[in-house]
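Architecture at a glance
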Number of protein chains: 2
Amino acid sequence: MERNKIRPLRLKDVVITGSFWNRYMEQIRTHVIQYQWEALNDRVEDAKRSHCIKNFEIAAGKRQGDFYGMVFQDSDLYKWLESVAYSLAIHPDPALEALADEAIALIGAAQQPDGYINTYYTVKYPERRWTNLQHGHELYCAGHLFEAAVAYYDATGKRAALDIAIRFADYIDTVFGLEAGKLDGYPGHQEIELALFKLYETTGERRYLLLAAYFIKQRGREPNYFDLEWEKPEYREIFPEITPLARTYSQSHLLPEEQRVATGHAVRAVYMYCAMADLAAEMDDAALLKALDALYTDITTKQMYITGAIGSVAWGERFTGAYDLPNDQIYGETCASVGLMMFCRRMNAMHLDARYGDTMELALYNTVLAGTSLAGTEFFYVNPLHVEPERIHVNPNLSHVKPVRQKWFDCACCPSNLARTVMGLGLYAYGATTDGLYVNLYCAGSARDGARHIEVQTDYPYSSDATFKVSGGFFRLYLRNPQYAPVERITVNGEVVQPQIENGYIVLERDWSGDVVAIQFDMRPKRMYCTNEVQHNIGSTAIMRGPLVYCMEQVDNGPCLGAFRLPDDAPITEITPPDGLLPEVVALTAPAYQYKQAEDALYTEQKPMLAPSQLTLIPYFLWANRGENEMRVYVPTLEQTP
Amino acid sequence: MERNKIRPLRLKDVVITGSFWNRYMEQIRTHVIQYQWEALNDRVEDAKRSHCIKNFEIAAGKRQGDFYGMVFQDSDLYKWLESVAYSLAIHPDPALEALADEAIALIGAAQQPDGYINTYYTVKYPERRWTNLQHGHELYCAGHLFEAAVAYYDATGKRAALDIAIRFADYIDTVFGLEAGKLDGYPGHQEIELALFKLYETTGERRYLLLAAYFIKQRGREPNYFDLEWEKPEYREIFPEITPLARTYSQSHLLPEEQRVATGHAVRAVYMYCAMADLAAEMDDAALLKALDALYTDITTKQMYITGAIGSVAWGERFTGAYDLPNDQIYGETCASVGLMMFCRRMNAMHLDARYGDTMELALYNTVLAGTSLAGTEFFYVNPLHVEPERIHVNPNLSHVKPVRQKWFDCACCPSNLARTVMGLGLYAYGATTDGLYVNLYCAGSARDGARHIEVQTDYPYSSDATFKVSGGFFRLYLRNPQYAPVERITVNGEVVQPQIENGYIVLERDWSGDVVAIQFDMRPKRMYCTNEVQHNIGSTAIMRGPLVYCMEQVDNGPCLGAFRLPDDAPITEITPPDGLLPEVVALTAPAYQYKQAEDALYTEQKPMLAPSQLTLIPYFLWANRGENEMRVYVPTLEQTP
C-alpha cells in the first residue's frame, strides 16, 4: 500500500525567475555547464586535469592512450549530463542539446556489448570487473548514469541515454543477487540504489526496484562481503595502496534497518539513507523508517554543523561521533550537503513535515551554495566554519581545507553535483499530494501541478515578504513555516488570517481562483547558540538571518578575527553589502570590541585590553569571494558578569 | 680560544635531597629503572612489546629469532644505561651496577669485529649498513650508546662501555667524511653529534670533535645527501613504506649556520641545536652562534607552548610555523622538551644568561615531568594542553593524544629519556665558571665545585623560600632570578641586601665561609596571557604559580570544562590538594562561573546562562593521575564590558 507522500513536480512545470536563484541558474546554463564541459575536456588553463572525455574516447576505441583520473572519473560526465538535462527541461537550448546528444553517443560507444560501461575497467582491467566492489565504484558510476539518463529522458523525451542505462541495468541485474552464480555484493559507494528507483519510476520495470531493494537489504549481512572481498588476491591487485576500511566507513557494519547512528563516509551515508527512504516509502517498510528517523535525528541533533555541513574529518571524509564538530578541521563536503538535501526531501515527502525542509534549506543556502564562487567557475569541496589561512599553509591537519575556491579538483565530484542540484531546484522547491500543493523553498517564479497553479513573488532569502497568486480550484496550500524565519503575518486577498499550522506548514484551504496570499517572515538577525557539548563553541554565537548563516571575514574586519567580542546586547543592524558582493546582499553590522595586546610577547602577564570596534558580517555562502583571508562563523560573545 | 662558559658540575658532587625531587629520583632508582629493565625484557604484563634485550641477544648469537621493534630499538637500552649510570653516580648500588655490567657485556657481545653495533641491521640486513641514513638510525643509536658509555665511565670508572663506544666511534670515523672512499652523509636523526662531543671531552680524542663538526657542517650542503640517497634502489628496499621527506623534516634544507627558523622533527631539531652549541662554544664559531640565537628566539617567541612543549603536529612530530600552537592536536613530545632543556643548558652555558634557565625550568616542571605518572611506571609521549577524551576516541586527528599515561610504547623513547634527565638533574641544576657558582634550578641538597660548597634548603617549586649555606672562599654566587617567580627579598646572614642583577642572575660576591643567603620568590598565582597571534587562546588565561603551569581537570570540576569562565578580578587562592595527589602539592581555587545551557538542543536561540561556580586547578604536570578525564590549561576569562 503506497503511503500518502509528497511527490515532486515535473521540472518543466516549475519556473524560477527571482534574481537570487535566476542568477545562479542562468550562470550555470550559459556559463558553468560550458566551463565544466571544457574542464572535462582538459581545456581550462591552470585547472586540475580531468581526462574524463578522453577516457570515454579511449574506451570507445576512438582514441589511443591510457585511462587517467579517479576510478570514478566517469561520474563527472554523468553529473554534467544531469545538469544539462535539468537545464534543458527549464530552458530549451538546441545547441546545448546537440552537445549532450554527442556526449550520450560517446557514452553509448563506450558501452560494451553486454551493456557494461566503465572506462576505468574497460581501458585498464577489462577482466577485473566487479572484483573490488568496495573501491571500484562501478556501481556508483552506473547510478549517476541512470540518474542522468532519466533526467535527460524527462527533459527531452529522447531515449538514447535511457536505453543505454536500461541495457546496463539489465546487465547488472544478471550479475548481482542472491541466486546461484550471482555475486552477493553491493556497492562500496552507495548511489545506484536511489538511481534504480528513478529508473524504476521512469520505466515501470519492477526488476529495478527489486535490484535496488536487494542492494539495500544485502548490506551489513554476515559474512560481510567487503571482508571476504579483502581476502581475495585480485582485490588488491588493482589498488595495492589500499588498506582495510572499517565496516562503518561503508555503512556495512549493520543491516540498514538496524542502523541508528550516522557513521562512515558522509556522502555514502546520506545517499544510502535516500535509497532507504525510497524503499521505505515504496514498501511501507516500518523497520527502515524507524532507522531513518533515528539516523536523521542523530545527524541533525548531534553531527551537523549549523551551516548544514556534515562530515567532521578529512580522514575517511566521514562522520566521527556525537558533538565532534571542529570548525576548522571539518570536512563538510559540498556533495555531502547535496546528499543531505536529497535525504531531507525524501523524509519530507514521507512525513509531510516541514522541519525536514528547514534542514534542506539550511544545507542549500549555506554549505551547498558556498561550494561555488560568485563567478560560478571556482569551487569548494571542503566547507570550513573557521579559516586562518596562515595555519592552513603550515599545518597538515588543515591541508584539506582550501582558503579560496579552486578551478577544478583531482576528485571533481562537487562542482557537477552542485550544478545539478541548482538546476534541479524546482524538484526541491515544490511538491504535491492528492490534497494540495507544497511550497518548501521560497523562490520567485511559478509552479503548476495539473490545474493547480501558483505564482510567487519574493526576494527571499533577503526580503521578508512573499506573495502567492493561487488558482486551480479547491485544494490545500502548504507553506513551510521556516524555523529560522517564522512567518509573522499572513493575509489572503488583503485580509489578515490566522491559519492552521500542521507539521510546520501553514495550511490554507479554499477554492483558489487567483487569490493572493501574502506572508511576512521574521527576518530579524538572530544570535544562535550551540550546545555545551560542542565545547569550542561555548561562549560564542552564530548570527543568522532567515536561513542564512553569517560570517566575519578579514577583508571587512581586519586580521585576527578571534580578537573580536560581540556584546550580548549589541544591536545587529542591516547594511548595504561591502564592495565585491552583489548589491542585493544584506550584510550586518554590530558594535563590538577587540582585544588589543598590551605587549608583543608570546606569553605575558600584561592583560590584553578590550577596545571598541565594529563588526561586519556577510552571508557565509559568499565568503572567500574577495581573495584569501580569515573567516569565522562563530563570534565570541562579551558577557556581563552576572 | 675557549669562551668563558658555564660547565656542569660532576654528578657525584651534587646531592639532591628535597622531597620534590628526591621522591622522583628515589622512585626511578628503586623502581622505575627495574620496571624499564623488565619492559626491555618483555616481562611487564599488558605493556607494548619491546624485544630490545632479545634483539641484542640475537645479534650476539645467544638466541635464535628475528629482530622486532623500531629500527632504533637499541637506543632504549642505551638510555636506560645512561639513567643507571646517573643513579650509580649519586647512589652506589652494587646489584644495579652488576645488572648494568651484564647489559654492557651483552652490548659488547653484539658488537661486530669492526666495531659496528646495531641489532636491527646485524640481525636483518647485515649487508645493508649505512644505505639509509635518513631512516636507518644507526648513527642515532650510536650516539645514545656513546652518551651512556661516558656517563657510566664517569659514574663507575669502568671502561668496558667506554671501550665499546670508542671502538664504534673509531669505526664510524673510517666510514664518514669528505675523504675519498668515505660516505659524505650525516644522520637522519641527529644525536651522535652531541654524543661525540661528550666522547671527545671524556677521552680527549680530537678525532671525535672533528667527526662531530663534520656531521654538523655537512648537513644542508648541496647536493642534498638524502635526496641522492632516495634515488638509490637499496634505499627503499628495507623501508618500502617510506615516502620522501621534506628537507626541513631533517633540518637538511639549509646549512646549520644559515638556519633561523626551527623546522621539522622537533627532537631532531633540538638535538642538532645542542651539538651546534657544543661546536660554537668549542670553536668560538660566531656564525653558528648567530643561528642558535635566532633559532632559540624563534622557538621561544613563536613556536613553544607555555608548558615548554614543542612540536605542534603529529604528522612528522614537528614544528609547523609561527603561532601554530593547537592545544588539543599538539604533539609536544616529552623527548622534545628534554631536548629543549639540553639546548637551554648549552645556551645558558655560553651566554651566562638566566633566561635560558627559565625556559629549561618551564620545560622540566611542566612537559617533562608530565611525561610520568606519580607511580613512575606510566608515561606520556604526547603532552596536550586540552583534552576531551570523547573527541580523542572518535576523531583520528586526535588519535595520537592519549588521555591517560601508557605502560610502554611501540616507540618507547620517552620513558628512558625522562628517567635519564631526572637522574641527571644535577647537571642542569648547577654550573660553575672560574669566577663563581651558578644555581639554575632550586632543589634542596648540596653542590660542590672544588672548595666551593653550597647547601640548599627549599621546598621549591611549592614554597616561596630558599636558603643557601655557602662556603669555600671568595667567589661569586649566581642565583637565577626566575622570570615567573622573581626573587622579592634577599638576606645574607639575616641582613637584607640589594644585590646586583646580571643577565637575570642575582649576583652575590664575598669571601664565603658558611654564610647564609635566604631568598623569597614571588609565588603568587599569576594569570598569563598569550599573544593574539595564537587566536584560539585569545580571551583565555593560563594560570601559573612559580614555574608551574596549572590546569583544570574534570575530576575536580565536573565535565564540560569549556563552560567555565574565570572573572578577571576573581582572587585565586591556594588550597590543599584534592585526594589522589601528594599532600605537599599546592592546588588553587577561584570563584568562577559556568555556562548552563537553557535548552537541550544542538542549536538554539536560547542563550546559555552563567551560573556561579568554583574552579579548582592543579599543577599541569600532575594531570591524568586520577583516571581518564577532561583537562585544559587555558581557562576562558569573563570580562566586564568596558
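Shown above is the structure to which this text applies.
Summary of the structure given here. (Residues numbered from 1 in each chain as written. Chains lettered and ligands numbered in written order. Predicted model: local features only at pLDDT ≥ 70, side-chain atom pairs only at ≥ 80, totals over all residues. Heavy atoms only, no water.)

1. Some points on the packing of aromatic side chains
Residues and elements named next belong to chain A. Spelled out, the test is: Working definition: a ring pair exists when centres of Phe, Tyr or Trp rings (six-membered ring for Trp) sit within 6.5 Å. Plane angles under 30 degrees give stacked, over 60 give edge-to-face, the rest tilted. In this text, helices come from DSSP runs of H or I with a minimum length of four residues, and strands from runs of E with a minimum of two, each type numbered from the N-terminal end. Note on exposure labels: buried denotes an accessible area under 20% of the residue type's maximum, exposed denotes more than 50%, and partly exposed covers the range between, all computed with a 1.4 Å probe on protein chains only.
Throughout the structure, instances matching the rule amount to 78 aromatic pairs over all chains. Judged by centre distance (4.9 Å) and plane angle (55°), the ring pair of Y460 and F521 falls under tilted. Here F521 lies in strand β13 (residues 505-521) and Y460 lies in the loop between β8 (452-458) and β9 (465-480), a separation of 61 residues in the sequence. Residue Y460 shares its accessibility class with F521, and that shared class is buried.

2. Notes on the nonpolar core
A general tendency of soluble globular proteins is for nonpolar side chains to be buried together. Put simply, the rule reads: The definition of a nonpolar core used throughout is a set of buried Ala, Val, Leu, Ile, Met, Phe, Trp, Tyr and Cys residues joined through side-chain atoms within 4.5 Å. Contacts between residues were defined by any pair of non-hydrogen atoms, one from each residue, lying within 4.5 Å.
If you look at the biggest cluster of nonpolar residues, it comprises 235 residues, and the most contacted ones within it are W21(A), F146(A), I172(A), Y273(A), F468(A) and V517(A). Here this core gets 14 residues from one element, more than from any other, and that element is helix α13 (residues 266-283) of chain A. Sequence-distant contacts of F146(A), defined by excluding residues within four places in its chain, comprise A165(A), F168(A), A169(A), I172(A), I192(A), A195(A), L196(A) and L199(A). Of all hydrophobic cores here, the second largest spans 234 residues; its members include W21(B), I310(B), A485(B) and M528(B).

3. Remarks on the relation of the copies chain A and chain B
Rule in force here: For this overlay, a least-squares fit was computed on C-alpha atoms, restricted to residues scoring pLDDT of at least 70 in both copies.
Each copy superposes on the other: chain A lies on chain B with an RMSD of 0.0 Å after a rotation of 180° and an axial shift of 0.0 Å. Taken together, the rotation and translation describe the operation of a two-fold axis. For chain A, the residue whose C-alpha comes nearest the rotation axis is Q640(A), separated from it by 2.8 Å.

4. Looking at helix α9 (residues 192-203) of chain B
Residue and element names in this part refer to chain B. Formally: A helix's residues, less one, multiplied by 1.5 Å, set its expected span.
Its 12 residues place the ends of α9 16 Å apart at the C-alpha level, agreeing with the 16 Å of an ideal helix rising 1.5 Å per residue. Counting buried positions along α9 yields 9 of 12 residues, so the element is predominantly enclosed. Looking at α9, one finds that the buried residues are I192, E193, L194, A195, L196, F197, K198, L199 and Y200. Looking at the buried positions of α9, the neighbouring elements they touch are α3 (74-90), α7 (138-156), α8 (160-175), α10 (206-218), α13 (266-283) and α15 (334-351).

5. Remarks on the pairing of strand β10 (residues 487-492) of chain B
Residues and elements named next belong to chain B. What counts, and what does not: DSSP calls a pair of strands paired once it identifies at least 2 bridges connecting them.
Both β10 and strand β13 (residues 505-521) contribute to a ladder of 5 bridges, which runs antiparallel. By the bridge assignment, V492 is partnered in β13 with V517. Pairing geometry for β10 and strand β11 (residues 495-496), over 2 bridges, is antiparallel. Looking at β11, one finds that T491 is bridged to V496. Between β10 and β11, which pair antiparallel and follow one another directly, the connecting turn spans 2 residues, one of which, N493, has a positive phi of 50°.

6. Examining the pattern of salt bridges
Residue and element names in this part refer to chain A. Put simply, the rule reads: Basic side-chain nitrogens of Lys or Arg form a salt bridge, by our definition, when they fall within 4 Å of a carboxyl oxygen of Asp or Glu.
As enumerated under the stated definition, the model contains 86 salt bridges over all chains in all. For E361, the salt bridge is made with R480, and the minimal N-O distance between the two is 2.7 Å. Taken as a pair, E361 in helix α16 (residues 354-370) and R480 in strand β9 lie far apart in primary sequence, 119 residues in all. The same class applies to E361 as to R480, namely buried.

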